[in-house]
Each structure stands twice: as C-alpha cells, then as structure tokens.
Amino acid sequence: MSSPHSIDPRAQNDPRNRYPTDEQFYGSDRPDHAVLPEDRPRGGGGGSSVKHRGTWATVALVAGIILLVLLGIALFP
C-alpha cells in the first residue's frame, strides 16, 4: 500500500477516493489574499503558557467548602 491514505490499490481509479492535500484542505477556507491573520493558527507556535491557580488557592477553596458544610450541619441539625 504505497498510496496515501491507505487506499486499496484496486480502488485507485475510483473517483470517490480523491483526497485533497494538506495545503488544499487547510487553505480551502482562507481567501487567496487574506488581510487578517488567522484567528486559530494551525500548527504549533510559541505563546504564553496558561497560568493556573496556585495550590494554596485550591486548598483554601476546599477548606472553605468543608467549613461551610460543617457549619451547616452544626447550625441546622
């Protein structure tokens, strides 16, 4: 199977087995002379990493929820 997309060699001439190249596929929704850059660029690219909440914020959130539950049990038995 030396053909792209693992097509059975017996079906090579079937018109349903015509696949666009990657450049054709990904460029099909872009105009020829695009003025604006892509809003979702394809491929990897440098960028700022996602900043997550610190561990202490998560611990405080869980402790607050547990405290709220315990207070609810204590005040409304």
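Preceding this paragraph is the structure being described.
Residues numbered from 1 in each chain as written. Predicted model: local features only at pLDDT ≥ 70, side-chain atom pairs only at ≥ 80, totals over all residues. Heavy atoms only, no water.

Peer 1: In this structure, what is going on with the overall build of the protein? I would like to understand it.
Peer 2: The number of helices and strands found in the protein is 2 helices and 0 strands. Within the protein, the fraction of its 77 residues that count as buried is 5%. Approximately 7700 Å² of the protein is accessible, and the part contributed by carbon and sulfur atoms is 61%. (Helix = DSSP H or I, 4+ residues; strand = E, 2+ residues; numbered from the N terminus. Buried < 20%, exposed > 50% of the residue type's maximum accessible area, 1.4 Å probe, protein only. Areas by Shrake-Rupley, 256 points an atom, 1.4 Å probe, with all protein chains shown as cover.)

Peer 1: Looking at this model, I keep getting lost on a nonpolar patch on the surface. Mind explaining?
Peer 2: The grouping of Leu-61, Val-62, Ile-65, Ile-66, Val-69, Leu-70 and Ile-73 at the surface amounts to a nonpolar patch, some 650 Å² of accessible area in total. Along the chain, Ile-66 falls in helix H2 (residues 55-75). Given the relative accessible area of 48%, Ile-66 is considered partly exposed. (Patch = residues over 30% accessible without salt bridge, like charges linked within 9 Å, V, L, I, M, F, W, Y side chains within 5 Å. Salt bridge = Lys/Arg side-chain N within 4 Å of Asp/Glu carboxyl O.)

Note that every value here comes from positions in space, so none of it alone points to a role or purpose.
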